[in-house]
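So you can see what is in the structure, the chains are spelled out below.
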Amino acid sequence: MSLVRRAEPEDAAEVLRLRQVMIDSMAHADRSTDWHAESLPVLRARLAEPEGEFAAFVVDHPERPGALAALVAGTLDYRIGRAANPLGTVGYVFSVATDPDARRRGFARACMDALLGWFRERGADRVQLTTSSAGAPLYASLGFRPKPDPLLELWL
């Protein structure tokens, strides 16, 4: 039996906690948690949509009942099709976190494998993510390669 499972609405608070673990590990991150109260009901509703375009896969913490050890979350995006991807379906991984006391056990990899399978089942032809230097070896081992295209961003 797999340790990985699809996150459920009841996991929302723990999913937010692990997302904050990821955020806190980033340089120049806003470590505020004031946004959790507003985000929690939205996340809970999204986790209740099993056929939606958002998925989170988790591993329960083996030593702390009720806590999560690892989280991987992503979305499916639609882009106008092209020759290599007529359906225009692209996966995007935006949150990967492992509780500090549960690292180096393969939990994030197992969750990534589940999310990649979910993307494949839904017709994604590619998956994108951004990574820290600490996460890069995991993604490289899964076949991710750097893109030369620069990413531009505008905050509205």
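One can find the structure itself at the top, above this paragraph.
Predicted, not measured: the structure shown is a model, and the values here were computed from it. Within each chain, residue numbers correspond to sequence positions counted from 1 in written order. Only residues with pLDDT of at least 70 are given local features in this predicted model, and only at 80 or more are side-chain atom pairs given and counted; all residues enter the totals for whole chains, interfaces and linings. The side-chain values count all of the structure's non-hydrogen atoms but skip hydrogen atoms and water molecules.

A. A look at the sheet that holds strand 2 (residues 54-60). Think of it this way: DSSP has to see at least two bridges between two strands before they count as a pair. Starting at the N terminus, helices and strands are each numbered in turn, a helix being any DSSP run of H or I of at least four residues and a strand any DSSP run of E of at least two. A sheet is described by the order of its strands in space; here 5 strands give the open sequence 1-2-3-4-5, paired in mixed fashion. The strands lining the two open edges of the sheet, one partner per strand, are strand 1 (4-6) and strand 5 (126-129). Pairwise comparison of adjacent strand axes, ignoring direction, gives a mean angle of 30° for this sheet. Strand direction decides the pairing type here: strand 2 and strand 3 (residues 68-78), joined by 7 bridges, are antiparallel. Across the sheet, residue Val58 finds its bridge partner in strand 3, namely Leu71. Contacts were defined at the residue level, with two residues in contact if any of their heavy atoms lie within 4.5 Å. Helix axes are fitted only over the stretch in contact, all axes being lines through C-alpha atoms; the angle between N-to-C directions runs from 0 to 180 degrees. Its contacts with the sheet put helix 3 (residues 107-121) on strand 1, strand 2, strand 3, strand 4 (89-98) and strand 5, and the angle it makes with strand 3 is roughly 25°.

B. Structural view of the environment of Ala55. Positionally, Ala55 belongs in strand 2. A residue is classified by how much of its surface remains accessible, and Ala55, at 1% relative accessible area, is buried. Along the sequence, Ala55 and Met112 sit 57 residues apart, while their C-alpha atoms lie 11 Å from each other. Setting aside residues no more than four positions away along its own chain, Ala55 makes contact with Arg6, Val72, Ala73, Gly74, Leu115 and Trp118. Only protein chains enter the calculation, and the probe is 1.4 Å; a residue is then buried if its accessible area is under 20% of its type maximum, exposed if over 50%, and partly exposed in between.

C. View of the pattern of salt bridges. For this analysis, a salt bridge means a side-chain nitrogen from Lys or Arg found within 4 Å of a carboxyl oxygen belonging to Asp or Glu. As enumerated under the stated definition, the model contains 12 salt bridges in all. A salt bridge links Arg17 to Asp99; the shortest N-O distance between them is 2.7 Å. Taken as a pair, Arg17 in helix 1 (residues 12-24) and Asp99 in the loop between strand 4 and helix 3 lie far apart in primary sequence, 82 residues in all. Classification of Arg17 by relative accessible area gives partly exposed; the value is 25%. Residue class for Asp99 comes out buried when judged on its relative accessible area of 5%. The partner of Asp125 in a salt bridge is Arg126, and the shortest N-O contact between them spans 3.7 Å. The class for Asp125 is partly exposed, based on a relative accessible area of 34%. Its relative accessible area of 26% is what places Arg126 among the partly exposed residues. A cluster of three or more residues bridged by salt bridges with shared partners is formed by Glu14, Arg17, Arg64, Asp99 and Asp101.

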